[in-house]
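Here are the chains, one letter per residue:
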Amino acid sequence: TRQPGLARIFRAAAWTLAAITLTSPFVTYRHAILLETASVFVLAILMIGAGLSAWRQGYRPAFYFLLAWSFMVAGIVVYASVSFGVLPKNFVTEYGIQFGSSIEMILLSLGLAYRFKLLREQNLQLQLEATERLEIRVAERTNELNRAMGELRTANRRLHEFSLRDGLTGVHNRRYLDETLAHAVSQSRERKAPIALLMIDIDHFKRINDTHGHLAGDDCLRAVAEVLRRHVREGDDFVARYGGEEFVVLLPGATRDDAARRAEILRKEVEGLRIDGHGETILLTISLGLAAMDGNDLHSGPDKLIRAADAALYKAKRDGRNRLVVAD
């Protein structure tokens, strides 16, 4: 309504991205990702330009939109720059999208809170009027207020869910593992049920990054995460990225033998993966450490379970990799 010219440009951009999406099944994954990543730079300029234009016209909510999306767009541009080799890959650049998105959620929440405050002040002013029109306007403002509160709750839920997920692989992150593991072990004691934990490491991952590049390394991480997630049952089981190329699979209710059997299935399926790395096929293997406790073990805690699985993992790597070692 305020900027019909910009609206036409954004519609054209939306159709362009739709066309890119439709062509993605017919090109390689790497080319599709690079094409989408390249579009980030154009969309970043459009997003910031639209916010500035609306703000200059006096549309106050555009200020919060512009401020929030500036961080999100900046994070995306940083990550895209890493993909094209413009910026080095480190902790900040690799998780630029996560940092930007988190700040965006916070600022949008503040913007919604500001809207809440304005609507409440308007309602107080409207209550001074004693006409039929006042009642209609109060009802309208109340509906807007309810919508704003609903948006605020949705933003908070999204922020919480985002904080518990690994941005690259989509599985749970280390924070979720730390919050959940102690509770799972405690429940195992109460129910006198067994529990098992797998510590998994992708073999020679640094060599993959050095030889084929970090984009290929990211593809390997996503492929392994998908295998792990596919073999985790619904319920209390879960997969978490422990850090770098390491993953953790928690199996409440699984005995040592059952967990070992499932671990061998995971190892063999990863061994059968074929990842495209700049025209060369990347073969993957994983090393696994397994620690388990039965329902009668009242002394082992989550830290001991992690340490035992980690020690077993390092023994598997010392013994030649691509194998499972079960902790005593």
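Refer to the structure presented above.
Structure report, in brief. (Residues numbered from 1 in each chain as written. Predicted model: local features only at pLDDT ≥ 70, side-chain atom pairs only at ≥ 80, totals over all residues. Heavy atoms only, no water.)

## Some thoughts on the packing of aromatic side chains
Taken as a whole and assessed by the stated rule, the structure comprises 1 aromatic pair. Taking the ring centre of Tyr242 as reference, the NZ or CZ of Arg174 above it sits at 4.0 Å. (Phe/Tyr/Trp six-rings, centres within 6.5 Å; stacked < 30°, edge-to-face > 60°. Lys NZ or Arg CZ within 6 Å of the ring centre and 35° of its normal.)

## Description of helix α10 (residues 256-271)
Taking 1.5 Å of rise per residue, 16 residues should cover 22 Å, and α10 covers 22 Å from first to last C-alpha, within 8% of that figure. If you check which residues of α10 are buried, you get Asp258, Ala259, Ala260, Arg262, Ala263, Leu266, Arg267 and Val270. (Helix = DSSP H or I, 4+ residues; strand = E, 2+ residues; numbered from the N terminus. Expected span 1.5 Å × (residues − 1). Buried < 20%, exposed > 50% of the residue type's maximum accessible area, 1.4 Å probe, protein only.)

## Things to note about the nonpolar core
Counting residues in each nonpolar core, the largest one holds 36 residues, and the members touching the most others are Leu198, Ile200, Ile202, Leu228, Phe247, Val249 and Leu284. Those elements that place two or more of their residues in this core are β1 (195-202), α8 (205-212), α9 (214-230), β3 (246-252), α10 and β6 (286-293). Residue contributions to this core peak at 8 residues, all from α9. When residues no more than four places from it in sequence are discounted, the contact partners of Leu284 are Ile202, Ile208, Cys220, Val224, Val270, Glu271, Leu273 and Ile275. Residues Leu177, Met293, Ile306 and Ala312 belong to the second largest nonpolar core, which totals 22 residues. (Core = buried A, V, L, I, M, F, W, Y, C linked by side-chain atoms within 4.5 Å. Contact = heavy atoms within 4.5 Å.)

## Topic: the pairing of β1
Burial within β1 is extensive, with 8 of its 8 residues counted as buried. Relative to β6, β1 runs antiparallel, the two being bridged by 8 bridges. Pairing of Leu198 across the sheet is with Leu290, part of β6. (Pairing = 2+ DSSP bridges.)

## Details of the pairing of β3
Of all the 7 residues making up β3, 6 are buried; the element is thus mostly covered by neighbouring parts of the structure. By the bridge criterion, 7 bridges tie β1 to β3 in an arrangement that is antiparallel. Residue pairing for β3: Leu198 is matched across the bridge by Val249. One ladder, built from 5 bridges, connects strand β2 (residues 238-243) with β3; its direction is antiparallel. Among the inter-strand pairings, Val239 is bridged to a residue of β3, identified as Val249. Taking the residues between adjacent antiparallel strands as the criterion, β2 and β3 are bridged by 2 residues, where Gly244 takes a positive phi near 60°.

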